[in-house]
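The lines below spell out each chain.
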Amino acid sequence: MNLTKRLLLSLVFVLPVTTAAQSISQSQIEQFKSMPRAQQEALASQYGVDLDSITGSVSQQNQRPQNVSVIEPVDAISDEERERARKEQETNEERGRKNGGLKPFGYDLFAGSPTTFAPVTEIPIPNDYTLGPGDVLRVQLWGKENQQLELPVSRDGTISFPQSGPQTIAGLSFDEARSQIKKLVSEQYIGVQASVTLGELRSMRVFVLGEARNAGSYTVSSLSTITNALYVSGGIKRTGSLRKIQHKRDGKLVGELDLYDLLLAGDTSNDNRLQPGDVIFIPPVGDRVGIEGEVYRPAFYELKNNTSLQELVNLAGGLTPQAYPQLVRIERNNEDFLRIIAEANLITPKGKQAKVKPGDRIEVASISDITGQYVEVKGAATRPGRYAWVPGMRVSSVIRSLDSDLLREADKRYAAIVRTDPETDTVSVINLRLREALDNPGGKHDVLLEEKDQFLIFADEGKVSASSKEQNNPDRTVPREKAIGRNGEANTLDAPNGQNEEQDYSRFSREALFAPVLQRLKAQAKPGAPQQTIEVTGPVRYPGEYPLPASRQIADAIYVAGGLTDSASLYTAELARFGVDKEGTGKTDIRNLDLQAVVEGRASVSLQSRDRLLIKSIPEFAQAKTIELNGEVRYPGEYTVRNGETLRDVIERAGGLTDNAFPEGAVFTREKLRQLEAQRLQEAEERLQGDLLGVQLEGDDIGGQSAERTQQVQNLLDDVQSARPVGRMVINLADVVGSDEYQPIRLQDGDRLTVPTIPQAVSVFGEVQFPTSHLHSEGLSVDDYLERSGGPTRQADEGRVYVVKADGSVMLPEKSRWFGGRSQQLAPGDTIIVPIDVDRLNQLELWTNVSQIVYQMALGAAAVGNL
């Protein structure tokens, strides 16, 4: 307790005096702090001391200035800075595109935001580290007395060592300060030893200027180097130099850092440690040279001093194994400021020592593709590419299995071998029966291969179509299939529900794979060596142009074209041969062939250059013609008709008409007529659109007449656009069925007959108040039915009313102003048409257009209305 009282008295009397307060040992302070709070308060109250001032003053002795954040957080970056960074990135990308994709080397090292805001402390402290205000020394005493001291360096450069007073430390190296403290402890403390280490380090402010991405002043750790400061500042702009970064202190150049030493060799010897107030200055970039091609790091490199071509290649990481060092192209500016091409050979000392110049663009060429000792597989194979060739190789040495070596969509019957003559450089094609070659290895079909032979594996279009249908089926799961990859690698697809990647098998068709071969065959043709191609047309699986088979046999040509289809006629074929007569004029000879005898080998016909083989089809083979019977026939349905069969014949096959049939209203349509009708409607619509434009451009809107005419024509145009062509042909079905004198109706494919039931209505369409249908009554005339529909409208042309009979024929009422009266009685199923008064439109040229359009619409309406 005496010690405690003495400690408290010491604190009471010596706190106002700094030098005396420093005599209080750390162990005494810790002893007072270890006392219970109640005991501390009792002692402080007894001696009239403020306990908070005591504990606060004691704690302030070991405090150091607060560290500031050495790096600004990313969230604190302004929108303006973000926009500037985005524009800079776009500019760099644009420059990269202009330079053919080449980018300056090394600028991405320091670019970006730091991932931590902690100062650099977790590194060994060098012995020559200079102490300064803000650093903290940790002193551990052991022996007769054990203590752990933390001694911050104050702003006046001293530390407060217990019972020894202030010790000047600032300006000393860490090794010197450690020796001084150990000496002090050995002199003043008997039987006590000391260990001195560095605790927290001070912060300092440095300047990063010049072509820095974010130039300015930065607070960094006292152990920071030039590269630390560059990282904090965001790196270097592409307009700044990486090879001449200047380190300045008090206005003098202290050192120069070449970042290429760090990037290429990991050399940090010139990465000097910074001191407060140091300046890092980044000058503008120096001369650059671009290098591309077969080097490991194609880029733009900054030159320093005189750089040779070999040194530049070394900067780019050296040559790749595919490089051709004997040919290095150098594109540079000459004295007239024109771009020229120079070449260098890196094999020779002269080429290695060739000096590069600013602005040069250097390309290291690659070696050519494999020049020999290979055969190549192209097309629908699982592993296309080049394979090593050895003498004695056969087809079965390369294609071992039709299932594993070929795609599922491949044609496994036929393949082609394209062979190049090494002496004449001309190509020839060997047709290969692939399945026979693999079934009998070493046989006549298992052809011996020569160097540089090319296998062409074709796709079977029938299998491709079936595969496409499977892929489009959403109810199936796609199996794991192999797809062709680059360099002969197979990619696997495993997507459910048919969503696997769709392959473009058209590039494996005969047309696609044979295209470059045919081009070479045509290019190498000359007098005495005619073009070695033929053409096969007609019902074969793959008609087209092909290389002339080596056997020159027609059977082989048909085999190359995929074989005959079932519609091919074996009785006859035609061979067209182009030649030159005795007078030197081109001529064409036509030969008829017994195709069956040729295919079976009973007749031998040799093919020649440019022959054209036409395989004829069986006349009308599998051409099914159908007619559809609907309505009141005994057995309606779709019937197949023979050549020359008539409508009467088919109706008899269908059991005839029912008792409820109304033959007068039968609608017989023909597809060809429907297409012609649709074409006429389209033409009429276009003319009517032109007439509408003419009405709109008149401009004489007196009393709203122009607007009224425009609306009338627009309504008619809307009706035309909504009308659908029917393709009806007017017939008298009753006579077709019951009269032998009626002209027979020969049927065509797609004909359709609809026989309605006996109608009871008469329809009224056109310009009447209420277009509708009325129950047929005996004795009523046209005018009577018009009255029942409310009478004509103001736009109606009463003098041109006509009737479309149930069979589709048109009747003009008698005794009208033009055609006679309208007292003639109507039959069930008839349709009355009241046309628009085109004279009211003041467009005389509209009459033809409108009459055609209304007639077509009337026929369609009558046909539909009577069904």
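Each value, and the rule that gives it
Residues numbered from 1 in each chain as written. Predicted model: local features only at pLDDT ≥ 70, side-chain atom pairs only at ≥ 80, totals over all residues. Heavy atoms only, no water. Helix = DSSP H or I, 4+ residues; strand = E, 2+ residues; numbered from the N terminus. Buried < 20%, exposed > 50% of the residue type's maximum accessible area, 1.4 Å probe, protein only. Areas by Shrake-Rupley, 256 points an atom, 1.4 Å probe, with all protein chains shown as cover. Salt bridge = Lys/Arg side-chain N within 4 Å of Asp/Glu carboxyl O. Pairing = 2+ DSSP bridges. Axes fitted to C-alpha atoms, helices over the stretch in contact; angles between N-to-C directions. Contact = heavy atoms within 4.5 Å. Expected span 1.5 Å × (residues − 1). Arc of directions from axis to C-beta. Core = buried A, V, L, I, M, F, W, Y, C linked by side-chain atoms within 4.5 Å. Phe/Tyr/Trp six-rings, centres within 6.5 Å; stacked < 30°, edge-to-face > 60°. Lys NZ or Arg CZ within 6 Å of the ring centre and 35° of its normal. Bend = angle between axes of the 7 residues up to and from the residue. Patch = residues over 30% accessible without salt bridge, like charges linked within 9 Å, V, L, I, M, F, W, Y side chains within 5 Å. Lys, Arg positive; Asp, Glu negative; His and termini not counted. Charge placed at Lys NZ, Arg CZ, Asp CG, Glu CD. pLDDT = per-residue confidence, 0-100.

### Points about the overall build of the protein chain
Scanning the protein chain for helices and strands turns up 23 helices and 37 strands. Residues counted as buried form 42% of the 867 residues belonging to the protein chain. Working note: accessible area of the protein chain is about 46,800 Å², and carbon and sulfur atoms make up 47% of it.

### So, the pattern of salt bridges
Considering all chains together, one arrives at 29 salt bridges under this definition. Here D411 and R510 are joined by a salt bridge, their closest N and O atoms 2.9 Å apart. Here R510 lies in helix α15 (residues 510–523) and D411 lies in strand β18 (residues 410–420), a separation of 99 residues in the sequence. For the pair shown, D411 and R510 are each scored as buried.

### Overview of the pairing of strand β9 (residues 252–257)
Where strand β8 (residues 245–249) and β9 come together, five bridges link them in antiparallel fashion. When the sheet's bridge partners are listed, Q246 is paired in β9 with E256. In this antiparallel pair of consecutive strands, β8 and β9, the connection spans two residues, and D250 shows a positive phi of 55°.

### Description of the sheet that holds strand β19 (residues 427–433)
In space, the five strands of this open sheet follow the order β17-β16-β20-β18-β19, with mixed pairing throughout. The strands lining the two open edges of the sheet, one partner per strand, are β17 (385–388) and β19. If you compare each strand with its neighbour and ignore which way they point, the axes differ by 25° on average. Direction of pairing for β18 relative to strand β20 (residues 454–459): antiparallel, over a ladder of five bridges. Paired with I417 across the bridge in β20 is F455. Sitting on the sheet, α15 touches β16 (374–379), β18, β19 and β20, and the angle it makes with β20 is about 140°.

### Here's the deal with the sheet that holds strand β15 (residues 361–366)
Taking strand neighbours across the sheet as the criterion, the five strands line up as β12-β11-β15-β13-β14 in an open arrangement whose pairing is mixed. Taken across any chain shown, the strands that pair with only one partner, and hence form the sheet edges, are β12 (299–302) and β14 (339–344). Sheet twist, expressed as the mean angle between neighbouring strand axes with direction ignored, is 25°. Sheet topology places strand β13 (residues 323–333) next to β15; five bridges connect them, and they run antiparallel. Pairing of V328 across the sheet is with V364, part of β15.

### Some remarks on helix α7 (residues 174–188)
Compared with the 21 Å implied by 1.5 Å per residue over 15 residues, the 21 Å span of α7 between its first and last C-alpha is a close match. When we look at burial in α7, the residues that qualify are F174, A177, I181, L184 and V185. All buried residues of α7 fall inside an arc of 95° around its axis, so they share one side. Across α7 from its buried face, at more than 90 degrees, point the exposed residues K183 and E187. In this fold, the buried residues of α7 make contact with β1 (136–143), β3 (158–161), β4 (165–168) and β5 (192–198).

### Considering the nonpolar core
Of all hydrophobic cores here, the largest spans 41 residues; its most connected members are L230, I245, I291, Y301 and I362. What L230 contacts, discounting residues up to four positions off in sequence, is F110, G235, I236, I245, L259, I280 and I282. If you look at the next biggest cluster of nonpolar residues, it comprises 34 residues, including V536, L548, L575 and V598.

### Considerations on the environment of A229
If you trace the backbone, A229 turns up in helix α8 (residues 226–232). A229 gets classed as buried once you look at its relative accessible area, which sits at 0%. On a C-alpha basis, the gap between A229 and V206 in space is 8.0 Å, while along the polypeptide they are 23 residues apart. Here A229 is in contact with V206, V208, L274 and I280, once residues within four sequence places are set aside.

### Some words on the pairing of strand β2 (residues 147–152)
A regular strand places its side chains so that they alternate between the two faces of the sheet. Judged from the six bridges that link them, β1 and β2 form a sheet pairing that is antiparallel. Note on β2: the bridge partner recorded for V139 is L149.

### A short note on the packing of aromatic side chains
This structure, assessed with the given rule, holds eight aromatic pairs. A ring pair is formed by Y414 and F458, whose centres lie 5.5 Å apart and whose planes are at 5°; its orientation type is stacked. Highlighted residues: Y414 in strand β18 and F458 in strand β20, separated in sequence by 44 residues. Against the face of Y374 rests R386, its NZ or CZ located 4.4 Å from the ring centre. Over the ring of Y559 we find R433, and its NZ or CZ is 3.8 Å from the ring centre.

### Concerning the side chain of D611
Secondary-structure assignment places D611 in the loop between α17 (595–600) and β27 (612–617). Setting aside anything within four residues of it in sequence, one finds D611 in contact with T533, I534, E535, L575, A576, R577 and S606.

### Looking at α15
Between its first and last C-alpha atoms α15 spans 19 Å; for 14 residues at 1.5 Å apiece the expected length is 20 Å, and the two agree. At P516, α15 shows its largest kink, close to 35°. Every buried residue of α15 is accounted for by R510, L513, F514, V517, L518 and L521.

### Quick word on a nonpolar patch on the surface
Together, F207, L209 and F281 make up an exposed nonpolar region whose accessible area comes to about 220 Å². Within the element layout of this structure, L209 appears in strand β6 (residues 203–210).

### Focus on a positive patch on the surface
On the surface, a cluster of positive charge is contributed by R413, R435, K463 and R541. Here R413 lies in strand β18. For R413, a relative accessible area of 35% corresponds to the partly exposed category.

### Describing unusual backbone geometry
The phi dihedral of D250 is positive, around 55°, even though this residue is not glycine. Along the polypeptide, D250 turns up in the loop between β8 and β9. By relative accessible area, which is 73% here, D250 ends up exposed. We note that R552 has phi near 60°; this positive angle belongs to a residue other than glycine.

### Notes on the confidence of the model for the protein chain
On average, residues of the protein chain carry a pLDDT of 79, and 73% of them reach 70 or more. By mean pLDDT, helix α2 (residues 18–21) is the weakest element of the protein chain at 36, and strand β24 (residues 544–547) is the strongest at 96. Overall, residues 56–76 carries pLDDT values under 50, and its contacts beyond four positions in sequence, including any with other chains, amount to 40 contacts. Low pLDDT, under 50, characterises residues 815–821; the predicted model gives this stretch 16 contacts beyond four residues in sequence or across chains.

### Quick word on the environment of V375
As for its placement among the helices and strands, V375 is situated in strand β16. Put simply, V375 and Q454 are 79 residues apart on the chain and 6.0 Å apart in space, counted from C-alpha to C-alpha. What V375 contacts, discounting residues up to four positions off in sequence, is G385, R386, Y387, W389, M393, V398, L449, E450 and D453.

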